[in-house]
Amino acid sequence: MSQLSHLMFEARAAAESLSDFMSGGRLRLGVTGLSRAGKTVFITALAHQLTRAHAVQQNKQLPLFRAMAEGRLRAGHLDPQPDYSVPRFAYEEHLLALTGPSRHWPHSTRRVSELRVSIDYDSHLWSKRRMGKKTQHLDIDIVDYPGEWLLDLPLLSKSFSQWSQETLSAASAEARSPIANDWRKETAAIDPKSRYDEETAQKLTRLFTAYLAQAKTERFALSTLPPGRFLMPGDLEGSPALTFAPLPVTQDEDLPHRSFGREMARRYDAYKSQIVRPFFQDHFARLDRQIVLIDTLAALNSGPEAVRDLETALADVLMAFRTGRSTLLSSMFRPKIDKILFAATKADHLHHTSHDRLEAVLRLLTSRAIARAEGVGAKIGVIALAAVRATREAVVRHEGEQLMAIVGTPLAGERIGLEAFDGESEGAIFPGDLPQDPKELFEGAALGLSDDEAEFRFLKFRPPIAKFGDDAQPLPLPHIRMDRAMEFLIGDRLA
Ligand code: GDP
């Protein structure tokens, strides 16, 4: 980073601290996770709960979120966000999707967006000491961004040839090579020293992107490899900085002017300097707290290969949070995050007896990542939650046996064996128990099931039917452990 932009960054940080001081508290909360992890649903539910404090308090919906449970959270409302050039999180649209007559899941996160929720609360400390102002104010700026973008941080210290070699060698691994075939063949046919042509570059990029996308489908559930924008391009789709692919070139190879290899390397460098670096500088480095959402069940559904792969991706994601001053990258971006919460989402797909086990799975999945991030200086938590609980629990008798079932309305087209659901009728599902020892999930077969069975292990449900308050506005939807997540992420700022 140049000296000037470093100074500007410092000046802005100082200005922000001053404005925090003048306006009461402010907290920038990052919400991230790989695509479909549940970011959009989580933010919508969080903002809804905070802005409907009275209804939440009346219904005792968040017993472990202390400020709310103690009746100290006076009011929450949406306010204009501080960054005018960042798209606003489409809260109203997403809430309508979840609670409107056609109740459906909202459209997912595809780019960075922001939402400010302002909270008035009675200070707990005031009641004790009777000092200062009783009612205080906290602005929570929720920043939603694709987790895929975090995987790009290591690229900043890698040359085109290094990245190319790593990416090509990952693609030859057993789980990846069948889906990488077409792209690898095309790559092998290109001489990096030959003259560059755009048509071939586009074709190669298309095949490379298709490989990355296929690895991410439910069938394979392999975690994403960088460049993160290839699957989550935001507004940059089709731009030259996103039209490149790895090539077998060596570090000090002298590539001729206008050659294929030279142009690809230039685009790779442009991707780093014009896309990756500004994202880390403008968004990531300014976060105070972070929740990383993880669709652990999707990986479990796909088997041990996907579980191991998810573990690797999480370790890579957490690399971005290393704050030790020793690395070049951290000294450039200086994230000041002091709390990180890892959350396994969609826990409502399991019976409550397995929620602690799901947390244990996630703890194991993240343990290597957390150990590697020693010196992060941040408090790290692990939780299993459902931002919106689409199921309820029931005991069903089957052949004289009592079975713990979950009941919900499966999405139209979901199947169990030959039975297809129409999106209107309810179904009882026996999700089974997660093993007591989470290590079993890293080895052997998926949850002890055959491949055929594993596919319908976790059905997708429609959101629950919303209830409405006297003001005809929807009341917050049921959830699992959102209160614990809120207490961890913001509880101490409402003391
Ligand atoms: P994003 O890509 O991370 O923004 O993911 P979304 O928030 O759009 O969630 C992706 C999908 O996961 C949704 O369309 C839902 O099908 C499902 N989902 C997300 N959160 C929940 C939840 O709390 N409960 C249930 N049952 N499904 C969820």
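By convention here, each chain's residues receive numbers from 1 onward along its written sequence. For this predicted model, a pLDDT threshold of at least 70 governs which residues receive local features, and a threshold of 80 or more governs which side-chain atom pairs are given and counted, while totals over whole chains, interfaces and linings are taken from all residues. Hydrogens and water are ignored here; the side-chain numbers use all heavy atoms of the structure.

1. Some thoughts on the pairing of strand β9 (residues 401–408)
At least two DSSP bridges between two strands are needed for those strands to be called paired. Each helix corresponds to a stretch of at least 4 residues labelled H or I by DSSP, and each strand to a stretch of at least 2 residues labelled E; elements are numbered beginning at the N terminus. Note that strand β8 (residues 392–398) and β9 share seven bridges and pair antiparallel. Among the inter-strand pairings, Ala-394 is bridged to a residue of β9, identified as Ala-405. By the bridge criterion, three bridges tie β9 to strand β12 (residues 427–429) in an arrangement that is antiparallel. From the neighbouring strand, Val-407 faces β12, where its bridge partner is Ala-428.

2. Notes on the site of the ligand
Residues are counted as near a molecule or strand when any one of their heavy atoms sits within 4 Å of it. Contacts to the ligand come from 18 residues, most closely from Arg-36, Lys-39, Thr-40, Ser-108 and Asp-348. A distance of 3.3 Å separates an oxygen atom of the ligand from a polar backbone atom of Ala-37. Think of a polar contact as two N or O atoms within 3.5 Å of one another; within protein, one of them needs to be a possible hydrogen donor and the other a possible acceptor, and neighboring residues in sequence only count if both atoms come from side chains. Interatomic distance of 2.7 Å between a side-chain N/O atom of Ser-108 and an oxygen atom of the ligand. Each residue belonging to the shell around the ligand can be placed in one class, and the counts come to eight nonpolar, six polar and four charged. Ten residues, namely Ala, Val, Leu, Ile, Met, Phe, Trp, Tyr, Cys and Pro, are considered nonpolar, four, namely Asp, Glu, Lys and Arg, are considered charged, and the remaining ones, Gly among them, are considered polar.

3. Section: the pattern of salt bridges
Salt bridge, as used here: a side-chain nitrogen of Lys or Arg that lies within 4 Å of a carboxyl oxygen of Asp or Glu. The final tally for this structure, using the stated rule, is 25 salt bridges. Two residues, Glu-393 and Arg-389, come together in a salt bridge whose shortest N-O distance is 3.7 Å. Glu-393 sits in the partly exposed class, given a relative accessible area of 25%. With a relative accessible area of 23%, Arg-389 lands in the partly exposed category. Arg-462 is the partner of Glu-424 in a salt bridge, and the nearest nitrogen-oxygen pair spans 3.5 Å. Remark: Arg-462 occurs in the loop between α15 (451–455) and α16 (482–490) and Glu-424 occurs in the loop between β11 (419–420) and β12; sequence separation between them is 38 residues. Here the term buried applies to any residue with accessible area under 20% of the maximum for its type, exposed to any over 50%, and partly exposed to those in between, with areas from a 1.4 Å probe on protein chains only. Residue Glu-424 is classed as exposed on the basis of its relative accessible area of 60%. Put simply, Asp-356, Glu-359, Arg-363, Arg-481 and Arg-484 are held in one network by salt bridges that share partners.

4. Some thoughts on the sheet that holds strand β5 (residues 289–294)
The mixed open sheet is built from seven strands, whose spatial order is β2-β3-β4-β1-β5-β6-β7. Single-partner strands in this sheet number two, and they are β2 (73–79) and β7 (379–384). Geometrically, the sheet is characterised by an average inter-axis angle of 20° between neighbouring strands, direction not taken into account. Both strand β3 (residues 113–122) and strand β4 (residues 135–144) contribute to a ladder of ten bridges, which runs antiparallel. Each bridged residue has a counterpart across the sheet, and for Ser-118 the counterpart in β4 is Asp-139. Lying on the sheet, helix α2 (residues 39–51) is in contact with β1 (25–33), β2, β3, β4 and β5; it crosses β1 at an angle near 150°. Axes here refer to lines fitted to C-alpha atoms; in helices the fit is confined to the stretch in contact. Angles between the N-to-C directions go from 0 to 180 degrees. We call two residues in contact whenever any of their non-hydrogen atoms come within 4.5 Å of each other.

5. Observations regarding the side chain of Glu-148
Relative to the helices and strands, Glu-148 is located in the loop between β4 and α7 (160–171). By relative accessible area, Glu-148 is classed as buried at 1%.

6. Some remarks on the packing of α7 against helix α8 (residues 177–188)
α8 packs onto α7 with a crossing angle of 135° between their chain directions and a minimal axis gap of 9 Å. Considered as vectors, α7 and α8 are oriented oblique to each other. Between α7 and α8, the contacting residues are Thr-167, Leu-168 and Ala-171 on the first element and Ser-177, Ala-180, Trp-183, Arg-184 and Thr-187 on the second. Across the contact of α7 with α8, the residue classes break down as four nonpolar, three polar and one charged. The labels follow the angle: roughly parallel below 35 degrees, roughly antiparallel above 145, roughly perpendicular from 65 to 115, and oblique for the rest.

7. Details of the side chain of Gln-61
Relative to the helices and strands, Gln-61 resides in the loop between α3 (53–58) and α4 (66–69). Gln-61 sits in the buried class, given a relative accessible area of 17%. The residues touching Gln-61, leaving out its near neighbours within four places in the chain, are Val-56, Pro-476, Leu-477, Pro-478 and His-479.

8. Quick word on the environment of Lys-346
Structurally, Lys-346 can be placed in the loop between β6 (339–344) and α14 (355–372). With 133 residues separating them in the primary sequence, Lys-346 and His-479 have C-alpha atoms 9.6 Å apart. Excluding anything up to four places from it in sequence, Lys-346 contacts Arg-36, Ala-37, Asp-295, Leu-297, Leu-385 and Ala-386.

9. Some details on the sheet that holds β8
Taken in spatial order, the three strands make up an open sheet running β8-β9-β12, and their pairing is antiparallel. At either end of the open sheet lies a strand with only one pairing partner, and these are β8 and β12. Put simply, the sheet's adjacent strands are angled 45° from each other on average, direction ignored.

10. Examining the packing of aromatic side chains
By convention, a stacked pair of Phe, Tyr or Trp rings (six-membered ring in the case of Trp) has centres within 6.5 Å and planes under 30 degrees apart, an edge-to-face pair has planes over 60 apart, and any other such pair is tilted. One pass over the full model with this rule turns up 18 aromatic pairs. Taken together, a centroid distance of 6.1 Å and an interplanar angle of 75° make the contact between Trp-163 and Phe-208 edge-to-face. Of this pair, Trp-163 sits in helix α7 while Phe-208 sits in helix α9 (residues 198–216); the two residues are 45 residues apart in sequence, bridging distant segments of the chain. Residue classification places Trp-163 among the buried positions, given a relative accessible area of 2%.

11. Description of the environment of Leu-98
Secondary-structure assignment places Leu-98 in helix α5 (residues 91–99). A relative accessible area of 1% means that Leu-98 is categorised as buried. Expressed as a C-alpha distance, the spacing of Leu-98 and Arg-462, which sit 364 residues apart in the sequence, is 9.0 Å. Among residues more than four places away in sequence, those in contact with Leu-98 are Thr-44, Arg-103, His-104, Trp-105, Pro-106, Val-388, Pro-463, Pro-464 and Leu-477.

12. Focus on the nonpolar core
By nonpolar core is meant a set of buried Ala, Val, Leu, Ile, Met, Phe, Trp, Tyr and Cys residues that side-chain atoms within 4.5 Å join together. One finds Tyr-145, Trp-183, Tyr-211, Phe-284 and Phe-321 to be the most contacted residues of the largest nonpolar core, which totals 80 residues. Two domains share this core, each providing at least three of its residues, namely domain 1 (3–145 + 283–389 + 477–494) and domain 2 (158–278). Segment limits for the domains were obtained from an automatic or database-derived domain assignment.

13. Here's the deal with the environment of Ala-386
Structurally, Ala-386 is set in the loop between β7 and β8. Residue Ala-386 is classed as buried on the basis of its relative accessible area, which comes to 1%. As a C-alpha pair, Ala-386 and Asp-348 span 38 residues in sequence and 5.8 Å in three-dimensional space. Setting aside anything within four residues of it in sequence, one finds Ala-386 in contact with Lys-346, Ala-347, Asp-348, His-479, Ile-480 and Met-482.

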